[in-house]
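# A structural walkthrough
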Amino acid sequence: AQTQACKEHIDEEVLVRLVQGLAAQAEPMFQTKLMEALGPDAAVADFEPDDAPDDGTLLAPKLVFMAPVKGAARMGVKVAEYRQSANKLHAAVKSVVAARRFSASAESSTSLQTSSADDLGRQLSPRSTHQSASKGENTSWPYVQKLGDTLRCTVECENDAHMLDAWKRVQKGFNVRTTSA
């Protein structure tokens, strides 16, 4: 992609449609794996969350509401937001590097030893790629890589014990790792 407009089109239109198509294809596998992970006391709801039967029918202790694949329009908006955020960070990084180049030698002995915005960008963002920030290009493209939750669901649990059990089973079944804050 040679121009910024072309890159934006590829990222926000072409790649978004590809991700959406792949998510739609993966959705049945996601649901199957989720149900296996949650165990035998889970069931997929055949109604919307607000339309639960009011007749006292006993529902599953873990009731799964599958959401549709995130829409392409919403994905495109999120990709544009990621681009704008990255551009702001990139501008700040360039500003810091420019200021550092003109600072006194005592200030240049800080823990961030950099010679360009590209170096600082790599230190701040380990996912930075091959493009040169010092040439005014952002190094996070394509931004579609930051999309999350294209496949979504809600697991409504009967009580706290079922909720904890569901979380532990999802962690194990999907190899979810958490970090402490």
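The rules behind these values
- Residues numbered from 1 in each chain as written.
- Predicted model: local features only at pLDDT ≥ 70, side-chain atom pairs only at ≥ 80, totals over all residues.
- Heavy atoms only, no water.
- Phe/Tyr/Trp six-rings, centres within 6.5 Å; stacked < 30°, edge-to-face > 60°.
- Helix = DSSP H or I, 4+ residues; strand = E, 2+ residues; numbered from the N terminus.
- Lys NZ or Arg CZ within 6 Å of the ring centre and 35° of its normal.
- Pairing = 2+ DSSP bridges.
- Axes fitted to C-alpha atoms, helices over the stretch in contact; angles between N-to-C directions.
- Contact = heavy atoms within 4.5 Å.
- Salt bridge = Lys/Arg side-chain N within 4 Å of Asp/Glu carboxyl O.
- Buried < 20%, exposed > 50% of the residue type's maximum accessible area, 1.4 Å probe, protein only.
- Core = buried A, V, L, I, M, F, W, Y, C linked by side-chain atoms within 4.5 Å.

We now examine the packing of aromatic side chains. In the structure shown here, the tally under the stated rule is two aromatic pairs. For the ring pair phenylalanine 30 and phenylalanine 174, a centre distance of 5.8 Å and an interplane angle of 55 degrees mean the geometry is tilted. A residue pair is termed long-range when its members are at least 10 positions apart, and phenylalanine 30 in helix 1 (residues 4-38) and phenylalanine 174 in the segment after helix 4 (160-173) qualify at 144 residues. For lysine 33, the ring lying beneath its charged end belongs to phenylalanine 174, and the centroid distance is 5.1 Å.

To continue, consider the sheet that holds strand 1 (residues 42-44). Spatial strand order, 1-2-3: three strands in an open sheet with mixed pairing. Pairing within the sheet leaves two strands with one partner each, and these edge strands are strand 1 and strand 3 (153-157). Within this sheet the neighbouring strands show an average axis-to-axis angle of 25 degrees, counted without direction. Bridge count for strand 2 (residues 62-66) against strand 3 is five bridges, and the pairing is antiparallel. Following the sheet pairing, valine 64 is matched in strand 3 by valine 155. Each of strand 1, strand 2 and strand 3 touches helix 1; the most contacted strand, strand 2, lies at about 170 degrees to it.

Glancing now at the pattern of salt bridges. Inspection of the entire model under this criterion finds seven salt bridges. Arginine 83 is the partner of glutamate 8 in a salt bridge, and the nearest nitrogen-oxygen pair spans 3.7 Å. Of the two residues, glutamate 8 is situated in helix 1 and arginine 83 in helix 2 (residues 72-101); the sequence distance between them amounts to 75 residues. By relative accessible area, glutamate 8 is classed as partly exposed at 25%. Classification of arginine 83 by relative accessible area gives buried; the value is 11%. Across the salt bridge formed by aspartate 149 and lysine 70, the nearest N and O atoms sit 2.5 Å from each other. Within this pair, whereas aspartate 149 is found in the loop between helix 3 (117-124) and strand 3, its partner lysine 70 is found in the loop between strand 2 and helix 2, the two being separated by 79 residues in sequence. Note on aspartate 149: relative accessible area 45%, which makes it partly exposed. Under the relative-accessibility criterion, lysine 70 is labelled buried at 8%. Where salt bridges share partners, they join Asp41, Lys62, Asp165 and Arg169 into one cluster.

This next bit is on unusual backbone geometry. Phi at aspartate 149 takes a positive value of approximately 45 degrees, unusual for a residue other than glycine. Even without being glycine, asparagine 175 reaches a positive phi, approximately 55 degrees. One can find asparagine 175 in the segment after helix 4.

Counting ten residues, the largest nonpolar core consists of Val16, Ala23, Val69, Ala72, Met75, Val79, Ala86, Tyr143, Val144 and Leu147. Among the elements of the structure, helix 1 and helix 2 are those that each provide at least two residues to this core. The leading source of residues in this core is helix 2, at four residues. For valine 69, the residues in contact, after removing those within four places along its chain, are Gln20, Ala23, Ala24, Glu27, Met75, Thr150, Leu151 and Arg152. If you look at the next biggest cluster of nonpolar residues, it comprises seven residues, including Met35, Ala42, Ala166 and Val170.

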